[in-house]
Structures are given as structure tokens and as C-alpha cells.
Amino acid sequence: QGSLQACSSLRELGVFSRAREVKVDPDKPLEGARLAALQARKTLLVPTPRLRTGLFNRIVPPPGATKEVLRKCATSQGVKEHSVPVGLDGKAQVDLVVVGSVAVSEKGWRIGKGEGYADMEYAMMVSMGAVQEDTPVVTIVHDCQVLDIAEELLDDHDLTVDYILTPTRTIQTNCKRPKPQGIMWHKARGWGCSEMLGKIPILKTLRTREKQAGKDVTLQDEQPALANTSRAALTNHKVMAANTQPRAAPGSAPVGQSHVESDPVNPTLEGSDTITTVYVGNLPASLRVSELKRALREFQVIPGRLSWQGAQHRAFLEYRDKGAADRAVSSLQGLRLGGNTLRVELAKSQRNKG
């Protein structure tokens, strides 16, 4: 709602006026941004859906295209019909990046849908020389999506933004946090890159090229295993606070290791009669606790305590009140992680109490 109004503000930005080549995400709410780029006769690049067939599509409107034809070219169907692929060898020089967001702060910190594709696309553009350190990044969102975001939620690979456009505001963030400097292969497991390598052929090609160029492309799960005791000690010091501005750690415990993350804000949480527990089952063997935590943050159903039992393919979420637990069950129903549809319900003890 209001996306066209927000997208129209893009034309008023100096960074848009100066740009010759603009990359815009394929999401429906950014259709107005794609149209603005085409109407301004700029080169428009749109990422291929989930990067399955390549990196970008360059939109090429037919000669003498009318306004109506340009509008069609800006749609998902138009992208399919009026585009040519751009791969790693393409001579793309992107002057402006436009991305969607689930939430963004006025400081420029961004949260996406949790799948990591926008971050991955930007990192791949860095690797192929398509963007520079000062290439501006714009996100277009509804006013209600501009929120305070705890910096602890961000990882080094997360993309930040320089401008936020809403239906009522244009915000220049002056963000100083560095943007990703390429693909961080050593963090690839937590980033979901190990799984993405099996889905994105172009990512495999990029990894091979960077390896041939002498870059360390060792994946996290290919590195020598850390001592379980030291990793467990680190994990047990990480917290997830049950409030609207959670402080979640980016790390994760290895699959199969059971542990509990507790909320230090409420030392009486353990043993409280008011705690409601949610059971999360059918967790895939490859899933990391960080991936589950990311999903909980995205759906704003962060528990006071998370008990991770990866070896049993399950986790337990503890909430201070039943309303929060019910919202978690409702929000997480049908959620797919790592290829599995999670089983989410009140724990047996809670159902028996009911």
C-alpha cells in the first residue's frame, strides 16, 4: 500500500538523476521504481528470481516503447519478455541499488525476508566489480516498516542502506557501517551459502573463479572443527531478549548440540507458573540455531528462552504469557526452513494444562 507514491520519490533523489545503470529488486512493491528507471531511459537491471538462471536480467524495451509498454516492462511478466541475461562476465557498472526490506531503521540498518538473497546479490556484484564502496543503496518501504533495530541483529554480511523512501518521507541515513566487501565464504554456513551453492549455479562459478585467483573460499563447515567445549561456552552466553527490540547474537551452536538460551532481564523466568512452552519439530538436520532465531526475529515472536535440541530435530520456545505463545504458534504455522515444513504447536504439558 502506498508503494507507487513511495517509488515516485526516487525521481527526486540526486543519486537517481546521476545514475546511468540502476539495479532494482523484482518485488511487486518496487514496480514503480523499475518504471521510473525505464521512463528516465536508464539501464535497468533486475536480479533473476532466486538467482536460479543467472545474476541479472537487463531490461530492453522495444524501440519506440510507449508509456503503456514501459509499464508492462516494469512488471514481472515484462521482465521475462523484454530482457537479456547478464552473467559474471557482463560489464555491469551499477550506479544505484534499490532493494526491498521487511524492516529498516533510520540509521540505515536493514532486515530482509531472512533468505539472504539481497545480501548475496550485493556481495556478488562486489566480486564482479559491478558496484563500488560508495555506490548508494536505496530501500522503499511503508512508513510502518521504519523501526528501531538493535545493532546486535546485524552481521558483517548484512547490507545497509543510504536512503529510505516511504509514502510520506525521504530519509538519508548517513550510515557509516561498512557494506559487505564480497562473499564471506568462511561464514557461508550461517549465511545459508552452503545450501545456496546447491541451488545457484552462478555462485559455484564465482567460487571457482575466486579460488583460482588465490582467494580463500573455504566454507565454514569445511574448516577444522572447533572444540565443542569452547563453542558451547560461547553459545551459552548469547541471549535473546523477549521484547520488540531483541538483542540476538549472530552466532549459532553446531547441529545436534542441545543448549538453552535464557533471558537475563527476567531471572525468575525459570520455574515460573506463567511460562507457556511452544514445541517446534521437524527441524532439518542441517539447520543451525541461528537460522531459527532469524525466523523468530522476522515474525517478531522472540521467546524469553530457547531450548535447542538439534539431534532430536526439535526446539522449545518459552514465553512469559500464553498470548505471546499463541501468536508464535499462529505465525510459524507452515514455515519452511531448510526444505522442511516445521511442526509448531503448544508443548504437550501446555495442552494438558489447557
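Residues numbered from 1 in each chain as written. Predicted model: local features only at pLDDT ≥ 70, side-chain atom pairs only at ≥ 80, totals over all residues. Heavy atoms only, no water.

Taken as a whole and assessed by the stated rule, the structure comprises 13 salt bridges. For K23, the salt bridge identified is with E121, shortest N-O distance 3.2 Å. A residue pair is termed long-range when its members are at least 10 positions apart, and K23 in strand β1 (residues 21-24) and E121 in helix α6 (residues 117-127) qualify at 98 residues. Judged on exposure class, the residue K23 and its partner E121 are both buried. Overlapping salt bridges bring together K23, D25 and E121 as one network. (Salt bridge = Lys/Arg side-chain N within 4 Å of Asp/Glu carboxyl O. Helix = DSSP H or I, 4+ residues; strand = E, 2+ residues; numbered from the N terminus. Buried < 20%, exposed > 50% of the residue type's maximum accessible area, 1.4 Å probe, protein only.)

This brings us to the nonpolar core. Counting residues in hydrophobic clusters, the biggest one holds 34 residues, and the most contacted among them are M124, M125 and I183. Counting only elements with at least two residues in this core, the list comes to β5 (96-99), α6 and α9 (201-212). Of all the elements, α6 adds the most residues to this core, at six residues. Counting 29 residues, the second-largest nonpolar core is a separate cluster that includes F16, L44, V46 and V79. (Core = buried A, V, L, I, M, F, W, Y, C linked by side-chain atoms within 4.5 Å.)

Now for the pairing of strand β12 (residues 276-281). With six of six residues buried, β12 lies mostly within the body of the structure. In β12, alternate side chains face the same way, and those of T276, V278 and V280 on one face and T277, Y279 and G281 on the other are all buried. As paired elements, β12 and strand β17 (residues 343-346) share four bridges and run antiparallel to each other. Residue V280 lies in a different strand from β17, and its bridge partner there is V344. (Pairing = 2+ DSSP bridges.)

The backbone of N174 sits at a positive phi, close to 55°, despite the residue not being glycine. In this structure, N174 sits in the loop between β10 (170-172) and α7 (188-191). Even without being a glycine, N282 presents a positive backbone phi close to 65°. With respect to the helices, strands and loops of the structure, N282 is situated in the loop between β12 and α11 (289-298).

The next subject is helix α12 (residues 322-332). Those residues of α12 not exposed but buried are A324, A325, A328, V329 and L332. Along the axis of α12, the buried residues cluster in a sector spanning 140°; they form a single face. Facing away from the buried side of α12, by more than 90 degrees, are the exposed residues R327 and S330. Contact partners of the buried residues in α12: β12, α11, β14 (314-319) and β17. Of the residues flanking the start of α12, the one acting as N-cap is D321, its side-chain oxygen 3.1 Å from the backbone nitrogen of G323. Immediately beyond the C-terminal end of α12, within one or two residues, lies G334, with a positive phi of roughly 80°. (Arc of directions from axis to C-beta. Contact = heavy atoms within 4.5 Å. Polar contact = N/O pair within 3.5 Å; in protein donor to acceptor, adjacent residues only side chain to side chain.)

Here we come to α9. Under the 1.5 Å per step criterion, the end-to-end length of α9 is 17 Å for twelve residues, consistent within 8% with the ideal 16 Å. All buried positions along α9 are accounted for by I202, L203, L206, R207 and E210. The buried residues of α9 occupy an angular sector of 140° when the element is viewed end-on, so they sit on one face. Exposed side of α9, more than 90 degrees from the buried face: K211 and Q212 are the residues found there. (Expected span 1.5 Å × (residues − 1).)

Per-residue pLDDT for the chain averages 79, and the proportion of residues at 70 or more is 77%. Across the chain, strand β9 (residues 163-165) holds the top mean pLDDT of 97, while helix α10 (residues 228-235) sits lowest at 34. Under a pLDDT of 50 for its full length, residues 223-258 has, in the predicted model, 75 contacts with residues more than four places off or in other chains. (pLDDT = per-residue confidence, 0-100.)

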